[in-house]
Amino acid sequence: MSQSAEILLLCPILVPFLTGVLALFFWNNRRLQRLISVLGMAATLAAALFLMRTVSSTGIQVLQVGNWPAPFGITIVADLLSAVMVSLAAMMGLAVTVYSLAGMDAQRESFGYYPILNVLVMGICGSFLTGDIFNLYVWFEVMLIASFCLIALGGERAQLEGAIKYITLNLISSAIFLAAVGILYRVVGTLNMADIAVRIQSAPGGPATTLSIMFLVAFGIKAAVFPMFFWLPASYHTPPAVVSAIFAGLLTKVGIYALIRMFTLIYPEGAVHVLIMVIAGFTLVCGGLGAIVQEELRRILSFNIISHIGFMIMGLGLMDAGHAIGKLALTGTVLYLIHDIIVKTNLFLVSGVIQRLQGSGRLSSLGGLYHARPLLALLFMIPALSLAGVPPLSGFWPKLMLVRAGLEAGRYLIVAAALVASILTLYSVVIIWEQVFWKDKPESRVFDRSPISDPLPRSAWLAYLLPVAALALCTLAIGFWVEPFSVLSERAADQLLDPRGYIDAILPNLTEPGPAGLKGAP
Amino acid sequence: MSTLLAIVVGVLYAAGLYMMMRRSIIKLIIGLALLGHATNLLIFTAGGLSRGQPAFVEQGAKLVPVEAIADPLPQALILTAIVIGFGVQAFAIVLFKRAYQTVGTDDLNQMRQTDRLSGGPGA
């Protein structure tokens with residue numbers, strides 16, 4: 001592979017890193033930090049889109065760090081799923097950074113908000129791009145420590161309470177993940193994911209099921225699936241809206257990505273897929289039921305995050321039901337990821353605007369926004385209806401695929417759970433619509449933060465509405481022009497279902513007899 | 001030796017989890033630290049114990065029997081994990097201290113505001 005393509009593969013990691021470092025140099029100059037950050041995120045997005053074009057046209061891209069051949073060094077690899085996820089991460093990074101120009105207060109900005117945000121994006125991109133399982137752990141930690149800082153930045157009481165729960169659960173998850181990596185290394189003697197996939201088939205039975213369950217638990221906590229989701233609604237509504245927007249869009253999806261990678265590449269079959277399906281069903285229904293009783297805007301949305309994670313996990317669980325159904329299900333999962341990242345980020349961004357306008361996130365204190373801000377109401381309605389899966393919008397297509405896959409596989413219970421969850425989502429969105437937009441502004445109100453008394457300057461409105469409108473346009477585009485996106489998802493699903501391409505790209509010399517003494521480690 | 005270490009790992013996990021289920025945030029921190037140590041020791045034990053064997057190959061050797069060298073990778077993994085764990089725990093201690101000062105209690109049962117339906121103080 002050519003030198004330029006290798007550098008391209010590192011760009012989504014390097015550019016946010018350099019941006020973060022550069023922003024640190026101008027600690028006292030917030031204006032310059034903002035400028036650097038916006039430019040850096042735009043450059044990351046450009047690099048990510050270029051990477052996706054390269055992967056889409058020339059196939060899987062691989063970089064062996066330090067030129068150490070595959071099983072020995074760390075491999076950076078981008079297949080279509082990775083490229084799509086990196087592009088989405090960079091896109092959300094840019095949207096959130098632009099929104100921060102208006103949505104982030106001066107105090108948090110002057111305590112290193114922009115550098116940490118860049119490090120977070122770096123960690124997320126690194127997790128998507130690495131081909132080494134221990135390196136995945138390291139990227140998780142990079143991402144986590146940045147997210148710890150972001151969630152606690154500002155030090156309000158609610159934030160600190162939420163941060164304790166968030167940090168504790170994530171550290172437990174990391175410990176389980178690390179232990180599983182250690183045992184896996186004992187069983188297969190390698191850390192390279194492609195190499196693991198090859199060797200685990202010939203590895204003696206051993207603790208394969210135990211290991212896969214450990215990975216399921218570790219990534220499941222990060223993805224907030226059914227029994228391990230309670231940290232999410234306890235913490236996601238506490239930081240400023242812009243921080244919860246990037247968390248909602250990307251952090252749980254890193255867990256999903258890791259689950260997809262694990263259970264397509266390393267454990268493509270086994271009893272675990274049935275378990276995943278059961279978990280998906282409970283996640284769908286529990287998240288949906290949780291959402292409809294909440295009294296706070298972002299807590300409703302937090303429970304909706306959980307509910308919709310069930311859809312993506314459901315596709316993964318349906319994977320073992322034959323090739324055609326599995327392909328349809330995985331296509332649905334990938335398309336759902338694309339749709340969900342955009343829509344969830346957008347909804348949290350809109351909730352931030354609402355909170356800024358009315359000084360509260362509680363439904364009982366909100367109201368009358370439809371008259372006051374019809375444009376905002378429209379911009380809320382697009383992602384909200386898309387979230388519920390109303391036909392012409394982006395949420396409809398992946399749901400259709402997943403439900404079809406479920407019906408063809410004869411798994412009616414999971415289909416029922418998915419449909420119930422959709423209705424519950426629609427209901428929760430209607431509650432928000434009724435309470436926040438239609439209802440008259442209530443007389444007595446409780447303020448979390450002081451509402452703005454003077455009208456927002458035009459530039460602040462632009463910074464608020466530009467990312468929201470851009471993401472809403474993406475939703476509309478995916479909805480009305482779904483063909484290219486579904487083809488892309490289908491190709492990504494093909495690569496996931498047949499990991500030989502992935503393995504061959506990383507270990508090109510696998511079929512040739514290698515030096516015998518070196519192969520048998522440990 | 002492996003058996004002994006396995007027991008130590010088990011005890012560390014049990015102690016860590018027990019501490020985490022207490023209500024005090026100090027015990028939560030200690031529990032998190034023990035959990036990290038248990039995991040590191042688990043990797044160390046799982047990586048295979050060997051005695052008096054260097055992790056190097058003699059210069060010029062073409063092929064080396066696999067058993068004769070110690071595997072340096074688990075140690076490298078643990079070293080990385082220790083460094084990461086150190087950073088994360090340091091951060092957590094500062095955060096918990098800050099939470100203690102802001103909330104005014106070290107009792108986790110008192111820190112339930114964010115779990116309410118309204119997501120904040122009051123009903």
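Refer to the preceding data block for the structure.
Not measured: the values here are computed from a predicted model.

(A) Region of the structure containing the overall build of chain A. A tally of regular secondary structure across chain A gives 22 helices and two strands. Taken over C-alpha atoms, the radius of gyration comes to 22 Å for chain A, in line with the 24 Å a tight globule of 522 residues would show. When the backbone C-alpha atoms are referred to their principal axes, chain A occupies close to 80 × 55 × 40 Å. Considering chain A as a whole, with its 522 residues, one finds that 63% of them fall into the buried category. In chain A, 81% of the contacts between residues at least 6 apart in sequence involve partners at least 24 apart.

(B) Representation of the overall build of chain B. Helices and strands together make up the secondary structure of chain B, namely three helices and zero strands. Expected size for 123 residues packed as a compact globule is a radius of gyration near 14 Å; at 21 Å, chain B overshoots this value by more than 25%. Taking the principal axes of its C-alpha atoms as reference, chain B extends roughly 75 × 30 × 25 Å. Taking the contacts inside chain B whose residues are at least 6 apart along the sequence as the reference set, 59% of them involve residues at least 24 apart.

(C) How the structure looks around helix H3 (residues 73-103) of chain B. Between its terminal C-alpha atoms H3(B) stretches 44 Å, which fits the 45 Å expected from 31 residues at 1.5 Å a residue. Elements in contact with the buried residues of H3(B): helix H6 (133-152) and helix H7 (157-188) of chain A together with helix H2 (25-46) of chain B. One or two residues past the end of H3(B) sits B:Gly104, with phi positive at roughly 85°.

(D) The arrangement of the nonpolar core in detail. Counting 236 residues, the largest nonpolar core has A:Val84 and A:Ala89 as its most contacted members. Examining the composition of this core, we find that 19 residues originate from one element, H7(A), more than from any other.

(E) Examining the interface of chain A and chain B more closely. Tallying the contact residues gives 42 residues for chain A and 38 residues for chain B. Of all the secondary-structure elements, those providing two or more residues to the side of chain A that touches chain B are H6, H7 and helix H10 (231-235) of chain A. Take the side of chain A that touches chain B: its biggest share by element is 18 residues, from H7(A). Here the residues of the side of chain A that touches chain B are counted per class, giving 22 nonpolar, 11 polar and nine charged.

(F) Examining the environment of B:Phe56 more closely. Residue and element names in this part refer to chain B. With respect to the helices, strands and loops of the structure, Phe56 is situated in the loop between H2 and H3. With 11 C-beta atoms counted inside 10 Å, the residue Phe56 sits in the exposed group. Put simply, Phe56 and Leu117 are 61 residues apart on the chain and 60 Å apart in space, counted from C-alpha to C-alpha.

The rules behind the values
- Residues numbered from 1 in each chain as written.
- Chains lettered and ligands numbered in written order.
- Predicted model: local features only at pLDDT ≥ 70, side-chain atom pairs only at ≥ 80, totals over all residues.
- Helix = DSSP H or I, 4+ residues; strand = E, 2+ residues; numbered from the N terminus.
- Rg over C-alpha atoms; globule rule 2.2 N^0.38 Å.
- Buried ≥ 20, exposed ≤ 12 C-beta atoms within 10 Å, placed from the backbone.
- Contact = placed C-beta atoms within 7 Å.
- Expected span 1.5 Å × (residues − 1).
- Core = buried A, V, L, I, M, F, W, Y, C linked by C-beta atoms within 7 Å.
- Nonpolar A, V, L, I, M, F, W, Y, C, P; charged D, E, K, R; others polar.

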